[in-house]
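Examination of the molecular architecture
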Amino acid sequence: MRYPLWLLLVLALGNGLMSACQSNGNNHNPNNKANQDAKFEAFKARFIDALWAENPEWAAGVGYYRYADRVSLPDEATRQRGLVFAQQYLDSLAAFDGTLSVPNQTDRLMMRNQLEANIWYTNEFRSYEWDPSNYNVANTLNTLLEADYAPLPERLAHINQRLTQTTAYYAAAKANLRQPTQEHTELGILQNEGALSVFDMLTDSIKKAPLAADLRQGYMSRVDSSRAAVKNYIAHLQKILADGKKQGADKAFRSFRIGKDLFSRKFAYDIVSDYSAEQMFNKALEHKRDLHEKMKKISHEIWAKHMGKMPKPDDDLEMIKLLIDKISEKHVQPNNFVAAIRQQIPELSRFITEHQLIYIDPTKPLEVRETPLFMRGVAGASISSPGPYDKNAPTFYNVTPLDGYTPQKAESYLREYNHYILQILNIHEAILGHYTQLVYSNNSPSLIKAILGNGAMIEGWAVYGERMMLEQGYGNNEPEMWLMYYKWNLRSTCNTILDYGIHVLNYSEKQVNDLLVREAFQQSAEAGEKWRRATLSQVQLCSYFSGFREIYDLRESLRQQQGEAFNLKAFHEQFLSYGSAPVKYIKQLMKETP
Ligand code: ZN
Ligand code: ZN
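In this text the structure is predicted, and so the values were computed from the model without any measurement.

**As for the state of the cysteines**
Enumeration according to the criterion identifies 0 disulfides in this entry. For the unlinked cysteine Cys-494, the closest cysteine sulfur is that of Cys-542, found at 12 Å.

**Quick word on the pattern of salt bridges**
In the structure shown here, the tally under the stated rule is 39 salt bridges. Asp-107 is the partner of Lys-449 in a salt bridge, and the nearest nitrogen-oxygen pair spans 2.6 Å. With a gap of 342 residues between them, Lys-449 in helix α20 (residues 447-451) and Asp-107 in helix α5 (residues 102-125) connect regions that are remote in the sequence. As far as the burial class goes, Lys-449 and Asp-107 line up, both buried. Two residues, Glu-556 and Arg-559, come together in a salt bridge whose shortest N-O distance is 3.4 Å. Taken as a pair, Glu-556 and Arg-559 lie in helix α25 (residues 543-562) at a separation of 3 residues, close to a single helical turn. Of the residues examined, Glu-556 reaches a relative accessible area of 28% and is grouped as partly exposed.

**Some points on the packing of helix α26 (residues 568-576) against helix α27 (residues 583-592)**
Taken N-terminus to C-terminus, the directions of α26 and α27 make an angle of 120°; their axes are 10 Å apart at the nearest point. The orientation of α26 with respect to α27, classified from their angle, is oblique. Considering only the axes of α26 and α27, their crossing is right-handed. The segment α26 lies against α27, with Phe-571, Gln-574 and Phe-575 engaging Val-583, Ile-586 and Met-590. Residue classes in the contact of α26 with α27 are distributed as 5 nonpolar, 1 polar and no charged.

**Focus on the coordination of the zinc ion (ligand 1)**
The coordination sphere of the zinc ion (ligand 1), as far as protein atoms go, consists of His-331 (NE2), Glu-411 (OE) and Glu-411 (OE), spread over 2.1 to 2.5 Å. Of the two residues, His-331 sits in the loop between α15 (316-327) and α16 (337-354) while Glu-411 sits in helix α17 (residues 407-416), which places them 80 residues apart along the sequence. Judged by relative accessible area, which is 18%, His-331 ranks as buried.

**A closer look at the domain arrangement of the protein chain**
Segmentation of the protein chain into domains returns domain 1 (5-125), domain 2 (133-252) and domain 3 (269-276 + 293-592). Relative placement of domain 2 and domain 3: their C-alpha centres are 36 Å apart. Taken together, the contact pairs 4 residues of domain 2 with 4 residues of domain 3. Roughly 350 Å² of surface becomes buried between domain 2 and domain 3 when both sides are summed, with 62% attributable to carbon and sulfur atoms. On the domain 2 side of the interface with domain 3, the three residues burying the most area are Glu-183, His-184 and Leu-187, jointly 79% of the side's total. Viewed at the interface, domain 3 and domain 2 are joined by 0 salt bridges. In this structure, the connection of domain 2 to domain 3 is made through 1 residue pair in polar contact (both at pLDDT 80 or more). When the residues that make up the side of domain 2 that touches domain 3 are grouped by side-chain class, the tally is 2 nonpolar, 1 polar and 1 charged.

**A look at the sheet that holds strand β1 (residues 366-370)**
On the basis of which strands lie adjacent, the open sheet formed by 3 strands has the order β1-β3-β2 and mixed pairing. If you trace the sheet from one side to the other, it starts and ends with β1 and β2 (381-384), each paired once. For this sheet, the mean angle separating the axes of adjacent strands, direction not counted, is 25°. Pairing analysis gives 4 bridges linking β2 to strand β3 (residues 395-399), with the strands arranged antiparallel. Across the sheet, residue Ser-384 finds its bridge partner in β3, namely Phe-396. Contacting β2 and β3, helix α18 (residues 419-429) crosses the sheet at an angle of about 15° to β2.

**What to know about the side chain of Asp-131**
Along the chain, Asp-131 falls in the loop between α6 (127-130) and α7 (138-146). No salt bridge is formed by the buried Asp-131. Its closest oppositely charged neighbour is Lys-266, at 9.4 Å. In terms of polar contacts, Asp-131 uses its side chain to reach the side chain of Ser-133, at 2.6 Å.

About the cut-offs
Residues numbered from 1 in each chain as written. Chains lettered and ligands numbered in written order. Predicted model: local features only at pLDDT ≥ 70, side-chain atom pairs only at ≥ 80, totals over all residues. Heavy atoms only, no water. Disulfide = S-S within 2.5 Å. Salt bridge = Lys/Arg side-chain N within 4 Å of Asp/Glu carboxyl O. Helix = DSSP H or I, 4+ residues; strand = E, 2+ residues; numbered from the N terminus. Buried < 20%, exposed > 50% of the residue type's maximum accessible area, 1.4 Å probe, protein only. Axes fitted to C-alpha atoms, helices over the stretch in contact; angles between N-to-C directions. Parallel < 35°, antiparallel > 145°, perpendicular 65-115°, else oblique. Left-handed = near helix turned anticlockwise from the far one by under 90°. Contact = heavy atoms within 4.5 Å. Nonpolar A, V, L, I, M, F, W, Y, C, P; charged D, E, K, R; others polar. Donors = N, O, S within 2.8 Å, 3.2 Å for Na, K, Ca; no water. Domains from an automatic or database assignment. Buried area = accessible area lost by both parts, 1.4 Å probe. Polar contact = N/O pair within 3.5 Å; in protein donor to acceptor, adjacent residues only side chain to side chain. Pairing = 2+ DSSP bridges. Lys, Arg positive; Asp, Glu negative; His and termini not counted.

Listed below in structure tokens is the structure:
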């Protein structure tokens, strides 16, 4: 048992701070403030190391390998230890008061939210009981196999150490499950079947590594027993599935819909908003109505220009849909897809500079590259950012070329990412969306913010960036650009509506399909994928619109407050200077800082 040692350390630290605070009541003493900050920095460093010791898999995922050979078993003892960890650190955090510097105040709030969330996830959310896809040993094995943090024999030794726990790991997993959902059981089977391929890669590596014969043999037998444990888990899940279907799926399985109470609480912990989930849902509905009004207006204006004498349908949504289909025909050629994106990045930079929208550090360039083969198959475009332990690595904008596509598939993809949407996508992913935010975030040197970064702030910023660029005249206020932007914006708006709708209001698959196809102008196939994603996740789909709504409203309220003195560039730079903190905290800090 290792934790009593740090537990004692934490207790000692907490007590020491309590007495320091009580004996010195002068919060405005600058020495006191510097002193508090120094103590807090040391406290954070201890917190992070203890966090990684408790969560070695999470640590490896962000590039921290000190505990790579340890497995955190998903059993009751680990959960209890996690609860003690959270409570002890919450107590210690409470000893730091408002005299901290602004960045440390934000870190403190983020740590508190994370620890409170951990307790809630363990005691109330309890997905370890109903989500069999929580359990998979392959991700970390794969990370250790691919990451170059140590020579291969050393990494294989870590992996071997982990493999000694695989049987115990899946035994704990099986013991946790209590009436899982059918959807997560199916996902658990699928993903653990995928895990088997990692053992094949591992076998190859063990064969080619310079190892003594007996060591090699030991490693091989650990791989075999681990593979057997995974197969046994898959068989266990398949039996749950088969038995459940015999009994009747409705009775046998838990619903994937988590209901209002859990959804609202998860929303509060994950999004960290001034609004409740229900309020945000209503804001999304209102925003959808507003977008439809704007789209109607534009469509009436440009109908004849694009559709000639074709009669306008009476139904406005149908009219918009026909027009969108027509305008989508304008797109780049398949073999020109990557080059077109590459060309746009400097244009976006130029626009930012000319319009004085934000300063971007020129020493942190963005490289557009073809998506590496091992990453292909998910999204068409993505940002690869340096992790918190590797800040000086370059940022890549990965774009998957369309050469593997059939002409038909390429055409449908390019209609979706047409001339207009492609530009909006580049704003979102690169400038001034994710890439720009990242450069700022890395300049705010807080490991806490890098590790506990708030998804709603990060996605919300990218979504805000799209709107702001168009408002500033990017795309020359072409009505076609605005129409396409509104369609794009409907996607994140409807993500919030359907997420809340499915989990809280029992939306059916047909309702979701109608929402996306009829009201958000998407393809049926896309709607089907979204339904699946929403049955497997909760709240994450709300992050895009929630972050956008709060950033946009914050800007408008500051603009009103400051009148003539309001400066857009200054607003952007100050907003991003806090790092990837929740918008709610940034709001407080921006209103406090003159
Ligand atoms: Zn075409
Ligand atoms: Zn994004």
